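Per-entry structural report
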2 protein chains.
Amino acid sequence: MVVYGRNPVREALRGRRQTQVERVWATERASSEPWLAGVAVEVAGVDAIEDLCGSGDHQGICAEVGGYPYADPGRLLIDDDALVVALDEVQDPQNLGAVVRVAESAGVSGLVIPERRSAEVTPAAGKASAGAVEHLAIARVGNLANWLATAKEAGAWVYGAAAEPEAVPYDTPDYSGRAVIVLGSEGRGLRPRVAAACDQLVRLPQRGEVSSLNVATAAAAVLYGILHFRGDGVDRAT
Amino acid sequence: MVVYGRNPVREALRGRRQTQVERVWATERASSEPWLAGVAVEVAGVDAIEDLCGSGDHQGICAEVGGYPYADPGRLLIDDDALVVALDEVQDPQNLGAVVRVAESAGVSGLVIPERRSAEVTPAAGKASAGAVEHLAIARVGNLANWLATAKEAGAWVYGAAAEPEAVPYDTPDYSGRAVIVLGSEGRGLRPRVAAACDQLVRLPQRGEVSSLNVATAAAAVLYGILHFRGDGVDRAT
């Protein structure tokens, strides 16, 4: 698969997730960027790069990489304070990428997406994530509700973000220990079986005339909230 | 000016901000949507609608409206718990629209943007805001640093979101009373004169490998945080 754009290629090169970078193409100009020092770059024209990646949004650079290395879902909840985000049928790759960027910035343990009716980690999602797909553990599961049941058996508490009146304000729980936060697709919210698999539904305050946040901004509000509620709002030493 | 897409047209029709809706065009199919009952809709083909609005992203509907009714910046800080967002040179209309959607959902008092080197409230920004531009008071000011000084004279405390180490964790202040939160453009942060005009710089925890949130997700994290710190996280009765 061909990833494109400055951040995605850079993150593939420096990523820790063993994406295999096979070839890199760049325009004359892009090829001289300092972060490409030591990388075997093949110089190509703008049109050739657009042909290679199938998008005009390449910023003069693209790379052939191996298939996306999905994580093992069973490994995301190992830490006793693991925090995992699960997405219920988010189908837009831009939204998936934007959520990945937020989740990675917030330092979560990983992201779980269903195998069906969900955007996958495509180059477009990688571009929208600003390269964060290379750093976040992302796992696919056959059935999200079943996986949530497994997560509960592994000691996790499962929170579902919902707009329903029976949901508690999101700043009520303390989110300690292993936690999974499930976010639904824009507009439709959580599927009933997924909502039923949650221990607790939580909701953000709605204070405007326009109904809802999109999934990435909702993720930002909830995840940074959880870091604060956990007393975890400190920078991570890297 | 011609706004387009389902949400922007609907919000222009039901908006409280006195945007004058002059004409509405829709495809046969879109014209039968229930929320258009009682509206004088002119039926037009897809190509004609695309010509009218200059975008293919119109969902079968567009409307001719008056110029965007910017708010008076002096009126945004009247309430003694007013919360205003100021954007320092955010130039991408998609980002401006996304911030407007977040700010409106969080129920802030208004948004301030500079007249120069900033995206304006264009139809593209309106589309990205899901129509929230029709409900949020947005004001333009000649010089943002000077306006922040005026806001301080009016009793507001001015917080600047920054990544600098000297910034305090964003969950330290209590954000009570009149408050302005200034967000910078992606990548560049706040200009020095704008940062210097703030009473306090605040920063979100950075816990990932990829450096930063985009301005809309940063706005969501900070604004929903402020609602919580203020004890304001309740739905507003409308």
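It should be noted that the structure appears before, not after, this text.
Rules and cut-offs
Residues numbered from 1 in each chain as written. Chains lettered and ligands numbered in written order. Predicted model: local features only at pLDDT ≥ 70, side-chain atom pairs only at ≥ 80, totals over all residues. Heavy atoms only, no water. Helix = DSSP H or I, 4+ residues; strand = E, 2+ residues; numbered from the N terminus. Contact = heavy atoms within 4.5 Å. Buried area = accessible area lost by both parts, 1.4 Å probe. Salt bridge = Lys/Arg side-chain N within 4 Å of Asp/Glu carboxyl O. Phe/Tyr/Trp six-rings, centres within 6.5 Å; stacked < 30°, edge-to-face > 60°. Buried < 20%, exposed > 50% of the residue type's maximum accessible area, 1.4 Å probe, protein only. Lys NZ or Arg CZ within 6 Å of the ring centre and 35° of its normal. Core = buried A, V, L, I, M, F, W, Y, C linked by side-chain atoms within 4.5 Å. Axes fitted to C-alpha atoms, helices over the stretch in contact; angles between N-to-C directions. Parallel < 35°, antiparallel > 145°, perpendicular 65-115°, else oblique. Left-handed = near helix turned anticlockwise from the far one by under 90°. Pairing = 2+ DSSP bridges. Nonpolar A, V, L, I, M, F, W, Y, C, P; charged D, E, K, R; others polar.

This next bit is on the environment of Q200 of chain B. All names here are of chain B. Along the chain, Q200 turns up in strand β11 (residues 200–203). Along the backbone, Q200 and Y224 are 24 residues apart, and their C-alpha atoms lie at a distance of 19 Å. Sequence-distant contacts of Q200, defined by excluding residues within four places in its chain, comprise W157, V158, Y159, G160, V168 and P173.

Counting from both sides, the interface comprises 42 residues of chain B and, opposite them, 41 residues of chain A. Summing the contributions of chain B and of chain A, the shared interface buries around 3,700 Å²; its carbon and sulfur component is 47%. Sorting the residues of chain B by area buried against chain A places R207, E209 and V210 of chain B first, and these three jointly supply 23% of that buried surface. Connecting chain B to chain A are zero salt bridges.

Okay, the packing of aromatic side chains next. Aromatic ring pairs: the centre-centre distance and the angle between the two ring planes describe each pair. Under the counting rule described, the total for this entry stands at eight aromatic pairs over all chains. Aromatic pair Y68 of chain A and Y70 of chain A: ring centres 5.0 Å apart, planes at 75°, arrangement edge-to-face. Both rings, one in Y159 of chain B and one in Y175 of chain B, keep their centres 4.5 Å apart while their planes meet at 45°; by these two values the pair is tilted. In this pair, Y159 of chain B is assigned in strand β8 (residues 157–161) and Y175 of chain B in the loop between β9 (168–169) and β10 (179–184), connecting sequence segments 16 residues apart. By relative accessible area, which is 0% here, Y175 of chain B ends up buried. Among the aromatic side chains, those forming a connected cluster through ring pairs are Y159, Y170, Y175 and F229 of chain A. Above the plane of the ring of W35 of chain A lies R10 of chain A, whose end atom (NZ or CZ) is 5.5 Å from the centre. Geometry around Y70 of chain B places R140 of chain B over its ring, the cationic atom sitting 5.1 Å from the centre.

So, on to the nonpolar core. Note that soluble globular proteins tend to have their nonpolar side chains buried in a common cluster. In terms of nonpolar packing, the biggest core is built from 86 residues, with L87 and L111 of chain A together with L87, L111 and I181 of chain B touching the most fellow members. Residues contacting L111 of chain A, with those up to four places away along its chain left out, are L76, V85, L87, L96, V99, V100, L136, A137, I138 and A139 of chain A. L77, V112, A139 and V180 of chain B belong to the second-largest nonpolar core, a separate cluster that totals 26 residues.

We now examine the packing of helix α8 (residues 215–229) of chain A against helix α8 (residues 215–229) of chain B. For the pair α8 of chain A and α8 of chain B, the least separation of the axes is 8 Å and the interaxial angle reads 50°. Between α8 of chain A and α8 of chain B, the angle falls in the class oblique. By crossing handedness, the relation of α8 of chain A to α8 of chain B is classed as right-handed. Residues A216, T217, A220, A221, Y224, H228 and F229 of chain A of α8 of chain A form the contact with α8 of chain B, whose participating residues are A216, T217, A220, A221, Y224, H228 and F229 of chain B.

Once that is clear, we can look at the pairing of strand β4 (residues 61–65) of chain A. Consecutive side chains of a regular strand alternate in pointing toward one face of the sheet and then the other. All names here are of chain A. The element β4 is largely enclosed, with a buried count of four among its five residues. The sheet contact formed by strand β1 (residues 2–4) and β4 spans three bridges and is antiparallel. Within β4, the residue paired with Y4 across the bridge is C62. Pairing of strand β2 (residues 21–26) with β4 involves five bridges; the strand directions are antiparallel. Directly across from R23, in β4, lies its bridge partner E64.

Time to look at the sheet that holds strand β5 (residues 83–88) of chain B. Residue and element names in this part refer to chain B. The seven strands lie next to each other as β7-β6-β5-β10-β8-β11-β9, forming an open sheet whose pairing is parallel. The two strands at the open ends of the sheet, each matched to only one other strand, are β7 (138–141) and β9. Two elements, β8 and β11, share three bridges in a ladder whose sense is parallel. Within β11, the position partnered with Y159 by the bridge is Q200. Contacting β5, β6 (110–114), β7, β8 and β10, helix α6 (residues 144–153) crosses the sheet at an angle of about 160° to β10.

Bringing the packing of helix α4 (residues 93–105) of chain B against α8 of chain B into the picture now. Residues and elements named next belong to chain B. Packing of α4 against α8 leaves a shortest axis separation of 8 Å and a crossing angle of 15°. The angle between α4 and α8 falls in the class roughly parallel. The handedness of the crossing between α4 and α8 comes out as right-handed. Contacts from N95, A98, V99, V102, A103 and S105 in α4 reach V215, A216, A219, A220, L223 and Y224 in α8. Per-class residue counts for the contact of α4 with α8 are 10 nonpolar, two polar and no charged.

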